[in-house]
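What the coordinates show
The residues making up each chain are set out below.
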Amino acid sequence: LYRRTQKMFCVGEESWVDSRTVYIGHKEPPPGAEAYIPQRYPDNRIVSSKYTFWNFIPKNLFEQFRRIANFYFLVIFLVQLIIDTPTSPVTSGLPLFFVITVTAIKQGYEDWLRHKADCSINECPVDVVQQGKVVRTQSHKLRVGDVVMVREDETFPCDLILLSSSRHDGTCYVTTTSLDGESSHKTYYAVPDTMAFTTEQEVDSLHATIECEQPQPDLYKFVGRINIYKDKEEPVARPLGAENLLLRGATLKNTQHIYAVAIYTGMETKMALNYQSKSQKRSAVEKSMNAFLIVYLCILISKAVINTVLKYAWQWSPDRDEPWYNHRTEHERQRHVVCLFIHRFLAFMVLFNYIIPVSMYVTVEMQKFLGSYFITWDEDMFDEELGEGAQVNTSDLNEELGQVEYVFTDKTGTLTENNMEFIECCVDGNVYIPHAICVRMLSRTTFFLDECSFIKDFTSVCGRPTSFYISSSPDEVALVEGMKKLGYTYLRLRDNHMEILNKDDEIERFELLHVLNFDSVRRRMSVIVRSSSGECLLFCKGADSSIFPRVVSGKVEQVKARVEQNAVEGLRTLCVAYKSLTEADYQEACFHLTEAKLALQDREQRLAQAYDIIERDWLQEKAADTIESLHKAGMKVWVLTGDKMETAAATCYASKLFRRTLYLWVCYSANTRPHNHIYTLLHLVLHRCSLSVDCLDFGLIIDGATLSAVLKPNPESAGHGNYREIFLEICRNCSAVLCCRMAPLQKAQIVKLIKASKEHPITLAIGDGANDVSMIQEAHVGVMGKEGRQAARNSDYAIPKFKHLKKILLVHGHYYYIRIAELVQYFFYKNVCFIFPQFLYQFFCGFSQQPLYDTAYLTLYNISFTSLPILLYSLVEQHVSVETLKREPSLYRDIAKNSLLRWPVFLYWTCLGVFDAVIFFFGAYFLFDNTTFTSNGQMFGNWTFGTLVFTVLVFTVTLKLALDTHHWTWINHFVIWGSLLFYVIFSLLWGGIIWYNFCLLQMYYVFMQMLSSGPAWLSIILLITVSLLPDVIKKVLCRAISPLLTVPMACRTI
C-alpha cells in the first residue's frame, strides 16, 4: 500500500530516488559536508490484520456479498420486503443472517488473533542508545536512524546495519530460522571503522550517514555504503553488503551484545515486504459447486416463468380471475400488464428460491475448517526427530489432496535426508578415506585443498574436549569434521586469522583476506588467504561443472572419473582448486573487489565480474515405498533438482522412481548445442514413444539447458514448430521425469506449464528450501525439511517427511474428496426434495403462490433440521478403512479427475431428488383423496397436508444419509436420531402453544392432529419406505458387485 500510494502521489519519483540517506543517531552531518535533507519513514509498527474496529462491519459485509449466493439471497430478501410475497421475509432473512453472522464471527476471530499477534510484536521492549545512555522503549516507537542495542538470544526489532559487537573481531552469529528456516549460525560483520566501539558513549559519538537502496524484498541482497565523518576531513566511505545487514526476525547467538543502526522499519523491512498474499487457489469441487449452482438458478428461473405463464393461462377466463377467496382489488386490476408480470414472477422466485442452498456454503467452510484438524492431529504424521507434525496453512484445498495427478518434488532435503558425512576425498588422483589409511600418508597440500576454503563461518563451541562445529551449510561441517578425523583440527577465527591444529599438535595461523561468496549463478565460492610464510593463495570450491573448466593443471581426468563414480553411487560431490597469487595479482584483486563493493548501482553485476576476473546424501526413510505407492495410485512423479544428472539419476533409481524395466530417454544438451538439434532430439523421442507398443512405461531425463530451449525457444527455431507441445506430448507418455541442473525459476515454469496443459491436471509440489517457494506457490503442498521453513510457510500444507505424503494423499485426500463430494450432492438433493413438492402444489391451488410449508419449516429446514447430520458425515465418514487405503493405492484412481462431481453423477442425484419429491407429494395426495382421517370425521386441511409431506421429507433425507454412512460412532447416532427427535419436539411446541407475538397461528394443533391419525402414521412409514427403496437396492447391488467400492463411487457407474 505504501509503495502504491507513493507511486500515485509522487509520479516519477521512483525513477530518480533510488536510494535513501540515513543519519545515524539523527545527527546532522558536519557543516559543509552535504545538505541535510530530513526524510520521513514509517514507524516500526507491523500490521498483519485485515480489519479495524471501525471498518470491520462494512468491509466484511462488502466481501461477503461479493459471493453470488449471498448476494442472491440478499436480493430475494429485499424483494420480500418491497412487494407482497407468499412467504415472510424471515424465511430468507434469517438463514442469510445466520450464514453472514457465522462467517463474520469466524473471520473476525481470526483477525482478532492477528491483532493480538501484532500488539505482542509492536509492544516488545527495545534498547535504544540516546545521548550516551541506553533507554528502553517499545518496538513500534523505533525510527530509521536509531542506534539499537541487542543482547544475546534477542530478536532484531527491525532491519539493522551492524556497527560493533562484543566480540573483538567485530563479528556476530545469527540464526534466521523465522526467515528461511535455517537453524545454522551465520556470521555477520561490523563496519571496520566502527567495530572498535564498545560503549554507548563511543557509539553515540559517531557522525556518519548511510546511503542504501530503497526497501526491496530480497532477503539475500543489500547494497549500500557508510560515510564516516572525522573532524573536518573528507568522509571515509566503506561498502555495505548483505553480510552487514541484520534482518528483522533473526536472532542473535553466541554474542553478548551488538550495536546497530535501524535502516528499514515497520512494513518496509524485508520480512514485511515478503508478506505477500498468495494467489487465490480454487479447488475443482468449488468450481463444480458454482457450475451446479448456475444450473439450479436456471431451474429456479424456469419454474418461476412456467408458473407465471400458467397463472395467466388459468386467469384467462373471466370466471377464473382469482379464486373466490382471493379476489383482486380494483387497483390490482388496473396495474400495467408488464408490472404485474414482473410482480408475479418475483413472487414465484421467492416461493421457489429455497432450491438454492445458501447454508451449503457455510457448511462447506465449517467442514473444511474442522476437517483440517484431522491432519494436524494425525499421530502417524508426527516426526519425533524433528518434534513436529503436519500443519495446515490453507484448509480450502483439503479435497484437492484426493485429486492429484502430478507430483513435483525437490531432491535434496525433500526426497533425501541431506545429512552430510565425510566419506572420502581425492587429491591428484589419490583417494583418502578416514580411519582406512594412516594419518601420516596425508600431505599438507591435502589439508589445504579441503580445509582452507571452508573457514568462513565456523566457530568452535565449548572448548576443544567437547567442541562441535556450527556452519551455515551442512557440507562445510562434514568437510571440517572429516579433516579432523584425518588429523587436522580447525580451532577458531581470531583477529581475522584462522588457527588450525595440525597432526603434529602445532597451531598454524592463516590470515583471511577476502571471501568471494557463493551464488547460484556461479555455483562456487572462493577465499583468499595468506599463509605464515606470506604466500597468498586463492581457494575455490563448488560444483564440478563450475570448477573443472577453470583448472589449468593437475590430474583432472583421474579426479573427474572419481567424481563421476561417487555421483553414480548417490554421494554428493564437491570440487576444490587453488591458485597461488603474486603480490601484484593480489593488489589487482583488491582493487576490483573494493571498486565493486563501493558501487551503489549494479553492485551484484560488478561483484560477479570481479569474482570472474579473480577467480554424501541418503534417501529419506520409506521414500521408495511412498513413490511406488504414488505410481500405483496413478500419479506421475517428477523430480526437479539443481544437482548433476548422474547424482540425481542414481537417487531416482534408489527411490524406485526409475525402475529397471523403464524405457529411459535422455535429453541432455550442451550449452553450445544449436536449437535445431534439440528440436530433432525431442521429435525423435516423441516418434519412438508413439511407435513403441510393447513397452508402455517410459521415463525422461532432461536438463536445464534443454528446458530453457523448450520454455523460451530461440527465434531461429521458429520454423521448427512449438517445443512446448512436443515436450508436453512426451511427458504424457512418461510415468516419471527427472529434470536436473534446474534454476529455481525453471521449477515454477515447469509446474505452470503442466497446469496450463489442455487436461488441466491437479498438481502438487514438494520442497523444503527457499529455492522451492516459487514452485510450491504454483502448486499446492509444501514439505518442511531440515534446510528451512520458508517453503512450509508459503505452502498450503506442510508435512515433516516425504514418507508422510503417502497418508496425506491416499488416506486424508481420499476421505476429504469423498466426504465433500457427498456433502455437495446431498445438499442439492435434499433441496430438490424440499422445493419440488412446492412446485407441484401450485398446480392444485390455481397458481395462487400459496406455500405448502409453514414459515418456520421454510426457515429451519436447512439451518436446523438437516444441517448437522451431513456436517458430521462430512467430518468422520470412512467408507473404507485406513489400512485398506494404504494397502490398495489403486483405489485413488477411482476418484481421480473429479469423478464424483461430474455431470452424470449430478444428474443422478437431481433425478433421485425429483423421484423422492414426487413420491412425497403424490403419495400423500392420493392416499388422502376424498378420505376422512380423524375420529370425528374431519378431513386434513392444507397445512396438515403440507406438514405430512414435510415430515416424510425430513425423515427420508436423514435416513438416506444414515443408509450411506459406513463408519458409525456414538456421535453419529446422537446427531442423526437427535435431529429427528428435535424436529418432532419443535413441531409439538410450535403447534401446541399459542404464540401471541405472531399474527399467524395456522399451525396451531396441526402436528398433534396429524399424529393422532392412524392412517397418517401408516402413510409416513409407507412413503419413507418407498422413497428409500432405490437407495437400498443400489446399496445391495454395489456390495454384490464390488465390496471395496463405496456407495458414492457406485453412483458413478450406474
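Residues numbered from 1 in each chain as written. Predicted model: local features only at pLDDT ≥ 70, side-chain atom pairs only at ≥ 80, totals over all residues. Heavy atoms only, no water.

**Details of the overall build of the protein**
The number of helices and strands found in the protein is 37 helices and 32 strands. The buried share among the 1054 residues of the protein stands at 53%. Accessible surface, the protein: about 47700 Å² in total, of which carbon and sulfur atoms supply 58%. (Helix = DSSP H or I, 4+ residues; strand = E, 2+ residues; numbered from the N terminus. Buried < 20%, exposed > 50% of the residue type's maximum accessible area, 1.4 Å probe, protein only. Areas by Shrake-Rupley, 256 points an atom, 1.4 Å probe, with all protein chains shown as cover.)

**Let's talk about the side chain of Asn-353**
With respect to the helices and strands, the residue Asn-353 is situated in the loop between α11 (337-352) and α12 (358-376). Here Asn-353 falls in the buried class, since its relative accessible area comes to 0%. A polar contact is formed between the side chain of Asn-353 and the backbone oxygen of Val-350, at a distance of 2.4 Å. (Polar contact = N/O pair within 3.5 Å; in protein donor to acceptor, adjacent residues only side chain to side chain.)

**Looking at unusual backbone geometry**
Trans peptide bonds make up the majority, and among non-glycine residues the majority have a negative phi. Backbone geometry places His-26, a non-glycine residue, at a positive phi of 60°. Tracing the sequence through the fold places His-26 in the loop between β1 (19-23) and α3 (56-64).

**Points about the nonpolar core**
Ranked by internal contacts, the top residues of the largest apolar core, which has 98 residues, are Met-360, Val-824, Tyr-853, Tyr-857, Phe-950 and Leu-953. The greatest single-element share of this core, amounting to 18 residues, is contributed by helix α28 (residues 805-841). The contacts of Tyr-857, once residues within four sequence positions are left out, are Phe-834, Phe-865, Thr-947, Phe-950, Tyr-983, Phe-986, Ser-987, Met-1003 and Phe-1007. In terms of nonpolar packing, the next biggest core, distinct from the first, is built from 37 residues, Cys-652, Phe-658, Ile-799 and Leu-805 among them. (Core = buried A, V, L, I, M, F, W, Y, C linked by side-chain atoms within 4.5 Å. Contact = heavy atoms within 4.5 Å.)

**Considerations on the environment of Tyr-826**
In this fold, Tyr-826 is placed in helix α28. Look at Tyr-826 and you get buried, because its relative accessible area is 1%. When the C-alpha positions of Tyr-826 and Thr-910 are compared, they lie 9.4 Å apart, and in sequence the two are 84 residues distant. Tyr-826 has contacts with Ile-870, Trp-909, Val-957, Thr-958 and Leu-961, leaving out every residue within four places of it along the chain.

**Here we look at the UniProt feature "binding site: Mg(2+)" (unreviewed entry) in the protein**
Taken from the UniProt record, the annotation "binding site: Mg(2+)" (unreviewed entry) applies to Asp-410, Thr-412, Asp-768 and Asp-772. Within the secondary structure layout, Asp-772 lies in the loop between β30 (763-766) and α26 (773-778). Owing to a relative accessible area of 0%, Asp-772 belongs among the buried residues under this scheme. With sequence-adjacent residues up to four places away left out, Asp-772 is seen in contact with Asp-410, Lys-747 and Gly-767. (UniProt positions renumbered as here; feature names shortened; annotations may be inferred.)

**As for the packing of aromatic side chains**
Under the defined criterion, the tally for this structure stands at 52 aromatic pairs. Aromatic side chains Trp-903 and Phe-906 sit 5.5 Å apart centroid to centroid with 85° between the ring planes, which places their arrangement in the edge-to-face category. Residue Trp-903 and its partner Phe-906 are located together in helix α32 (residues 903-928), separated by three residues, close to a single helical turn. A relative accessible area of 6% places Phe-906 in the buried class. For Lys-303, the ring lying beneath its charged end belongs to Phe-352, and the centroid distance is 6.0 Å. Over the face of the ring belonging to Tyr-829 we find Lys-960, whose NZ or CZ atom lies 5.6 Å from the ring centre. (Phe/Tyr/Trp six-rings, centres within 6.5 Å; stacked < 30°, edge-to-face > 60°. Lys NZ or Arg CZ within 6 Å of the ring centre and 35° of its normal.)

**Quick notes on the pairing of strand β3 (residues 133-138)**
As defined by bridge partners, strand β2 (residues 125-130) adjoins β3 across six bridges and the pair is classed as antiparallel. Among the inter-strand pairings, Gln-130 is bridged to a residue of β3, identified as Lys-133. The hairpin formed by β2 and β3 contains two residues between the paired strands, and Gln-131 there has a positive phi angle of roughly 55°. (Pairing = 2+ DSSP bridges.)

**Looking at the pattern of salt bridges**
Oppositely charged side chains can form a pair if their charged atoms are brought close together. Throughout the structure, instances matching the rule amount to 21 salt bridges. For the salt bridge of Glu-511 with Arg-530, the shortest nitrogen-to-oxygen distance reads 3.8 Å. One end of the pair, Glu-511, is in strand β22 (residues 507-519); the other, Arg-530, is in strand β23 (residues 524-530), and 19 residues separate them in sequence. For Glu-511, a relative accessible area of 26% corresponds to the partly exposed category. Residues Lys-806 and Asp-625 are paired through a salt bridge, measuring 3.3 Å at the closest nitrogen-oxygen approach. (Salt bridge = Lys/Arg side-chain N within 4 Å of Asp/Glu carboxyl O.)

**Some thoughts on the pairing of strand β28 (residues 698-703)**
Across the six residues of β28, six count as buried, placing the element largely inside the fold. Side chains Phe-698, Leu-700 and Ile-702 of β28 all project onto a buried face; the interleaved residues Gly-699, Ile-701 and Asp-703 project onto the opposite face, where all are buried too. Of the pairings in the sheet, the one linking β28 to strand β29 (residues 734-740) comprises six bridges and is parallel in character. Within β29, the position partnered with Asp-703 by the bridge is Cys-740.

**Quick notes on the packing of helix α9 (residues 284-314) against α12**
Across the interface, α9 lies against α12 with an axial gap of 12 Å and an inter-helix angle of 170°. On the basis of the axis angle, α9 is roughly antiparallel to α12. Counting all contacts with α9, which are made through Met-289, Asn-290 and Leu-293, the residues of α12 involved are Met-360, Tyr-361 and Val-364. (Axes fitted to C-alpha atoms, helices over the stretch in contact; angles between N-to-C directions. Parallel < 35°, antiparallel > 145°, perpendicular 65-115°, else oblique.)

**Points about the sheet that holds strand β11 (residues 245-246)**
Sheet architecture is open: six strands sit in the order β3-β2-β4-β13-β5-β11, paired in antiparallel fashion. The outermost strands of the open sheet, each flanked by one partner alone, are β3 and β11.

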